Amino acid sequence: MNAKLTELLPEFALGTLPPDEMERVAQAIDESAALRATVDAIGEGLAQNAAALTPVQPTRDVLARLMRSLGSVDRFQPFFAAMSQALDMTVEAVRTLCARIDRTGDWEAGPGEGIRLIHFRPGPALVAAVDAGLVHMTPGTTFPRHRHLGHEWNMVLEGTLHDGDRVYRAGEVFCYENQSAHEYSAGPERALVMIAMHHGIEDASAS
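The rules behind these values
- Residues numbered from 1 in each chain as written.
- Predicted model: local features only at pLDDT ≥ 70, side-chain atom pairs only at ≥ 80, totals over all residues.
- Heavy atoms only, no water.
- Axes fitted to C-alpha atoms, helices over the stretch in contact; angles between N-to-C directions.
- Helix = DSSP H or I, 4+ residues; strand = E, 2+ residues; numbered from the N terminus.
- Parallel < 35°, antiparallel > 145°, perpendicular 65-115°, else oblique.
- Contact = heavy atoms within 4.5 Å.
- Nonpolar A, V, L, I, M, F, W, Y, C, P; charged D, E, K, R; others polar.
- Salt bridge = Lys/Arg side-chain N within 4 Å of Asp/Glu carboxyl O.
- Buried < 20%, exposed > 50% of the residue type's maximum accessible area, 1.4 Å probe, protein only.
- Pairing = 2+ DSSP bridges.
- Core = buried A, V, L, I, M, F, W, Y, C linked by side-chain atoms within 4.5 Å.

Moving on to the packing of helix 5 (residues 80–87) against helix 6 (residues 91–99). Relative orientation of the contacting elements helix 5 and helix 6 amounts to 105 degrees, with a least axis distance of 9 Å. Relative to helix 6, the element helix 5 lies roughly perpendicular. Residues F80, M83, S84 and L87 of helix 5 touch helix 6, and the partners they reach there are V91, V94, R95, L97 and C98. When grouped by side-chain class, the residues that make up the contact of helix 5 with helix 6 number seven nonpolar, one polar and one charged.

Shown next as structure tokens:
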């Protein structure tokens, strides 16, 4: 196993690597079962550490601020830095983008019932190369099977994404390679909200 790549896997799992590094590591993971197993173990460890934390009863004021933040754009703040780096956008621009998630009128119909989209322009380093958008899917909805016409970068913001045996949760980054084909579904618990950057997709329902 490549030691230098292994050192990058924790940051890959957190989505904090630069976009070009994310793509390079994602390609290496796709080609190595050992690297994929290590990434899965890191993700499981992070989840277990979070679950092991001792619950703390917040004060009334803290609880009130928390409940306000859960209904505002601030609920996405833990992801702003990683999104800013990946999208080549300022943190303030990322915040403005995420604020659109709660504006019903900003969404347009997607490629199936229960799927909505918001298209946006990423930063200057990416704008000419990729199609970027927010995706909203109601619980249990399946995005139709499609084929990628280039590399795709994704990040879950809310809910869970189910792709075969893989489950991606809020804050997780994952990539698909050129010519890969698949379908995925929103988890049954709540709506899925995610960011996708790709070079085009085509219908693959017949394949």
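We are not done yet, so read on.
Before going further, it helps to spend a moment on the pattern of salt bridges. Applying the stated rule across the entire model yields seven salt bridges. Put simply, D74 and R95 hold a salt bridge, and the shortest N to O gap is 2.9 Å. Here D74, found in the loop between helix 4 (60–70) and helix 5, pairs with R95, found in helix 6; they are 21 residues apart in sequence, far enough to count as distant. Judged by its relative accessible area of 30%, D74 is partly exposed. Relative accessible area serves as the criterion here: at 28%, R95 is assigned to the partly exposed category. One salt bridge connects D102 with R75, and the closest N-O pair in it is separated by 2.7 Å. Note that D102 is positioned in the loop between helix 6 and strand 1 (108–109) and R75 in the loop between helix 4 and helix 5, a separation of 27 residues in sequence. Take R75: its relative accessible area is 18%, and that puts it in the buried class. Ionic contacts of the salt-bridge type, sharing partners, join the residues R75, D102, E158 and R190 into one network.

Further remarks concern the sheet that holds strand 6 (residues 160–163). Backbone-to-backbone hydrogen bonds join strands into a sheet, with any given pair of strands oriented parallel or antiparallel. What the five strands build is an open sheet, ordered 7-6-9-4-11; its pairing is antiparallel. Lying at the two open borders of the sheet, with one neighbouring strand each, are strand 7 (166–169) and strand 11 (201–203). Ignoring which end each strand starts from, the neighbouring axes of this sheet average 35 degrees apart.

Our focus in this paragraph is the nonpolar core. Ranked by size, the top nonpolar core spans 40 residues in total, and within it M83, L87, L134, W153 and L157 carry the most contacts. In contact with L87, other than residues within four places in its own chain, are L97, F120, P122, G123, L126, W153, I195 and M197. F143, Y168, F174 and Y184 belong to the second-largest nonpolar core, a separate cluster that totals 15 residues.

On to the pairing of strand 6, then. Both strand 6 and strand 7 contribute to a ladder of four bridges, which runs antiparallel. Note on strand 7: the bridge partner recorded for L161 is Y168. Taking the residues that link successive antiparallel strands as the turn, the strand 6-strand 7 hairpin has two residues, and the phi of G164 there is positive, at about 65 degrees. Pairing of strand 6 with strand 9 (residues 181–186) involves two bridges; the strand directions are antiparallel. Opposite H162, over in strand 9, you have S185 as the bridge partner.

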